[in-house]
Amino acid sequence: MKKIVLMGNPNVGKSVVFSRLTGTRVITSNYPGTTVDFSQGTSCLHKDRVYIIDAPGTYSLTPSNIAEEVALRVVKEADLIINVVDATNLERNLLLTLELLSLNKPLVVALNLWDEAHHTGVEIDVTRLEEHLGVPVIPTVAVTGEGIAHLAEYCSKPLSQPTPLFLTEDEKWKKIGHITQEVQQITHRHHSIRDIISDATIKPLTGIPIAVLIILSALWAVITIGETCITSITDPLFECYLPFITSLSDYIGPGFLQQVLIGELIDGQVDLEQSMGILTTGLYVPFGIVLPYVIAFYLIAAVLEDSGYLPRLATLTDTFFHKVGMHGYGIVPVFLGLGCNVPGILATRVLESRKQRFIAATLIAISVPCMAKTAMIFGILGQYGTLYILIVLIILALVYVVTGSVLSRILKGDCPEIFLEIPPYRRPRLDLVLKKTWMRLVAFIAEAVPYLFLGVLLINILYATGFLAWLGTVLSPLIVGWLGLPQEASAALLTGFLRKDLAIGMLLPLQMTPGQLVVAVTTLTMYFPCVGAFAVLYKELGLIDLGKAVCVMVCTAFLVGGLVRFICIGI
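The shown structure was predicted, so the numbers you read here are calculated from the model rather than taken from an experiment.

Peer 1: Looking at this structure, I do not really get the overall build of the chain. What am I missing?
Peer 2: Scanning the chain from N- to C-terminus turns up 24 helices and nine strands. What you see for the chain is a C-alpha radius of gyration of 27 Å, in line with the 25 Å of a compact globule of 571 residues. Projecting the C-alpha coordinates of the chain onto the three principal axes gives extents of approximately 80 × 55 × 40 Å. The 571 residues of the chain split such that 53% are buried. Considering only intrachain contacts with a sequence separation of at least 6, the fraction spanning at least 24 residues in the chain is 74%. For the chain, the computed accessible surface area is about 25100 Å², with 64% contributed by carbon and sulfur atoms. The positive charge centre, built from 39 side chains, and the negative charge centre, built from 45, are 3 Å apart in the chain.

What follows is the structure, encoded as structure tokens:
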């Protein structure tokens with residue numbers, strides 16, 4: 001099968017071209033030996049079945065990070081290369097084009113963002129550009145589909161190999177300057193409203209308040225969509241499922257098998273959320289609770305991505321995230337983690353180095369409260385006023401900064417800089433947003449749900465064998481002596497590992513003071529993520545790094561919990 005590889009700089013619309021050329025049967029996976037994602041799919045172009053790969057964005061064939069190394073490996077396997085070029089920034093994009101010509105492989109140039117070029121006063125003589133490059137050049141507007149049919153025609157016909165170019169770095173830039181001078185003409189135009197908005201969202205003085213507003217609005221939208229899906233779709237479906245699982249529980253009867261498959265009966269009844277069985281909580285948590293929020297997050301994230309806002313957000317936050325061992329794209333896992341830690345941890349793949357991904361994932365697990373944690377904080381402390389809630393949130397923010405700074409200095413590894421091209425704002429297309437959401441959702445179900453399932457199974461076995469009860473007894477002296485909490489709080493802290501929101505009902509009856517509740521909530525928020533996030537941490541970090549992350553979580557949680565105890569309660 002003919003293999004076509006899409007190559008181009010980041011943010012040139014390469015993924016949209018890929019989406020136009022392929023159908024819905026698209027696979028997003030990691031390149032072997034890396035955590036770098038790339039998309040692959042098949043398409044029928046003029047009765048010929050072809051295999052299409054969307055390589056990671058790269059500025060050059062001389063790689064500066066893991067993603068660019070993967071792009072170089074992928075393009076070497078290509079039978080045909082489609083070089084997606086940003087028509088609004090021809091000079092910068094042509095460096096990669098000249099390097100691709102040196103590979104001695106058939107090449108087609110897709111001159112994308114053709115409409116944006118006209119809007120910005122850029123005119124390109126396509127015929128003369130073809131003469132200079134010696135390969136077909138097809139103007140395209142991927143978001144509307146303009147030019148894609150013409151591009152598909154070239155993909156299905158035999159193309160001759162271009163004359164290879166072997167130039168020094170200086171010779172490449174001289175040739176690029178000559179080509180742009182010959183084929184491109186730029187006319188003056190006045191700033192549009194879109195330009196004014198673009199400037200306002202990138203300057204710190206106005207961009208940061210706008211970013212806060214957009215993030216809060218996005219979180220509100222995610223919460224609304226997720227809760228609507230739960231109440232209107234998943235809960236009714238599981239209500240229909242409950243009679244079947246109740247009958248199965250009665251048929252099996254008490255014993256180890258019932259404990260594993262069904263879990264603990266709550267007041268003599270099967271509780272899909274609390275029973276912790278494979279067929280109860282094991283199915284209800286990933287599909288009934290997590291999945292609706294994941295769908296909502298991927299939907300909103302696709303809108304922000306396709307609109308061109310995420311690179312601006314990354315630029316605004318770049319300075320801050322450098323202080324904690326990452327770069328501006330570290331905001332993406334944090335943003336996703338505020339809704340659910342599972343997609344937040346999966347989103348650490350946007351970071352290049354292993355060190356950055358470890359720091360990002362660990363910090364999410366420690367101090368980025370998901371919606372279940374946030375509900376717990378408000379549910380326990382809300383009756384005592386907003387001051388105590390703010391104390392917990394401020395502590396979590398300080399822990400994020402301090403722990404990230406410490407890890408950045410003591411961990412070995414690289415923290416590459418971010419090189420971002422700020423794209424123009426574009427109006428997201430609903431069909432493309434839905435397709436991107438669907439692709440990511442399928443990948444999430446394939447990658448994360450099995451680990452969520454196995455995580456519930458493991459914890460259930462530990463509970464059934466009495467290990468968790470034994471662990472609660474072992475931790476009691478630490479919880480009473482160091483944290484200043486009642487011994488009964490041990491059970492709540494361990495239960496929080498299973499489900500944070502279940503700890504609310506166990507902490508409130510203990511009649512603790514507001515200061516003790518602040519200590520309990522802070523420790524419970526930090527010391528372990530939920531089962532699902534813990535399982536995905538294992539998948540993303542591996543066993544050794546997971547062990548390191550667990551040590552950081554436990555040590556940080558109890559250290560901070562003890563310090564908060566001395567501040568809020570006293571000795």
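Read on for the rest.
Peer 1: What's the story with the pairing of strand S1 (residues 2–8) in this structure? I'm lost.
Peer 2: Two faces, one strand: in a regular strand the side chains alternate between the faces of the sheet. Among the seven residues that make up S1, six are buried, leaving the element largely enclosed by the rest of the structure. The pairing of S1 with strand S4 (residues 48–54) spans five bridges and is classified as parallel. By the bridge assignment, Ile4 is partnered in S4 with Ile52. With five bridges joining them, S1 and strand S5 (residues 80–86) adopt parallel strand pairing. In the sheet register, Gly8 faces S5, and the bridge partner there is Val84.

Peer 1: Sorry if this is basic, but what is going on with a nonpolar patch on the surface here?
Peer 2: A cluster of nonpolar side chains, contributed by Phe320, Val401, Val402, Val406 and Ile410, occupies part of the molecular surface with about 410 Å² of accessible area. With four residues, helix H17 (residues 386–410) is the largest single contributor of residues to the nonpolar patch. Following the sequence through the fold, Val402 ends up in helix H17.

Peer 1: Whenever I open this one, the domain arrangement of the chain confuses me. Can you help?
Peer 2: In many reports, interface size means the accessible area that the parts give up when they come together. Examined at the domain level, the chain breaks down into domain 1 (2–186) and domain 2 (204–419 + 430–568). Its C-alpha centre places domain 1 at a distance of 40 Å from the equivalent point of domain 2.

Peer 1: Explain the packing of aromatic side chains to me, please; I cannot follow it from the model alone.
Peer 2: Evaluation of the coordinates by the stated rule reveals six aromatic pairs. With 6.1 Å between their ring centres and 45° between their planes, Tyr241 and Phe244 make a pair best called tilted. A residue pair is termed a helical-turn pair when its members lie 3 or 4 positions apart in one helix, as Tyr241 and Phe244 do in helix H9 (residues 204–252) at three residues. With centroids separated by 6.5 Å and ring planes inclined at 80°, the aromatic side chains of Tyr384 and Tyr388 adopt a geometry described as edge-to-face. Taking the relative accessible area as the measure of exposure, Tyr384 reaches 32% and is therefore partly exposed.

Peer 1: Sorry if this is basic, but what is going on with the pairing of strand S6 (residues 107–112) here?
Peer 2: The element S6 is extensively covered by neighbouring structure, given that six of its six residues are classed as buried. In S6, alternate side chains face the same way, and those of Leu107, Val109 and Leu111 on one face and Val108, Ala110 and Asn112 on the other are all buried. Pairing analysis gives six bridges linking S5 to S6, with the strands arranged parallel. Within S6, the position partnered with Ile81 by the bridge is Leu107. In this sheet, strand S8 (residues 137–139) lies alongside S6 in parallel orientation, the contact comprising three bridges. Bridging from a neighbouring strand, Leu111 pairs with Pro139 of S8.

Peer 1: What's the story with the pattern of salt bridges in this structure? I'm lost.
Peer 2: Charged atoms that come close allow side chains of opposite charge to pair. Using the criterion set out here, one finds 13 salt bridges in the structure. For Lys3, the salt bridge goes to Glu77, with nearest N and O atoms at 3.3 Å. Taken together, the residues span a long stretch of sequence, with Lys3 in strand S1 and Glu77 in the loop between helix H2 (66–75) and S5 at a distance of 74 residues.

Peer 1: Help me out: how do you make sense of the nonpolar core in this one?
Peer 2: It is characteristic of soluble globular proteins that their nonpolar side chains tend to be buried jointly. Met326, Leu381 and Phe444 are the most contacted members of the largest nonpolar core, which totals 91 residues. By residue number, the principal contributor to this core is helix H24 (residues 531–568), which donates 13 residues. Within the second largest apolar cluster, 38 residues are counted, among which are Leu72, Val74, Val75 and Leu100.

About the cut-offs
Residue numbering note: each chain is counted from 1, following its sequence as written. Local features in a predicted model are, by the rule used here, given only for residues with pLDDT of at least 70; side-chain atom pairs are given and counted only at 80 or more, and totals for whole chains, interfaces and linings are based on all residues. Based on all heavy atoms of the structure, the side-chain values leave hydrogens and waters out of the count. Secondary structure elements are defined from DSSP: runs of H or I of at least 4 residues count as helices, runs of E of at least 2 residues count as strands, and each element is numbered from the N terminus. Atoms counted for the radius of gyration: C-alpha only. Globule rule: 2.2 Å times residue count to the power 0.38. Working definition: with a 1.4 Å probe on protein chains only, accessible area under 20% of the residue-type maximum means buried, over 50% means exposed, and in between means partly exposed. Residues are treated as being in contact if the distance between any of their heavy atoms lies within 4.5 Å. Exposure was quantified through the Shrake-Rupley algorithm and a 1.4 Å probe, taking into account, for residues, occlusion by the shown protein chains and nothing else. Asp and Glu are treated as the negative residues and Lys and Arg as the positive ones, with His and the ends of the chain left uncounted. Here the site of a charge means atom NZ of a Lys, CZ of an Arg, CG of an Asp or CD of a Glu. We call two strands paired when DSSP finds no fewer than two bridges between them. Patches here: salt-bridge-free residues with over 30% relative accessible area, like charges joined within 9 Å, nonpolar side chains (Val, Leu, Ile, Met, Phe, Trp, Tyr) joined within 5 Å. By salt bridge we mean one thing: a side-chain nitrogen of Lys or Arg within 4 Å of a carboxyl oxygen of Asp or Glu. Domain start and end points were adopted from an automatic or database domain assignment. For Phe, Tyr and Trp, rings pair up if their centres lie within 6.5 Å, where Trp contributes its six-membered ring, and each pair is then called stacked (planes under 30 degrees apart), edge-to-face (over 60) or tilted (otherwise). We call a set of buried Ala, Val, Leu, Ile, Met, Phe, Trp, Tyr and Cys residues a nonpolar core when their side-chain atoms join them within 4.5 Å.

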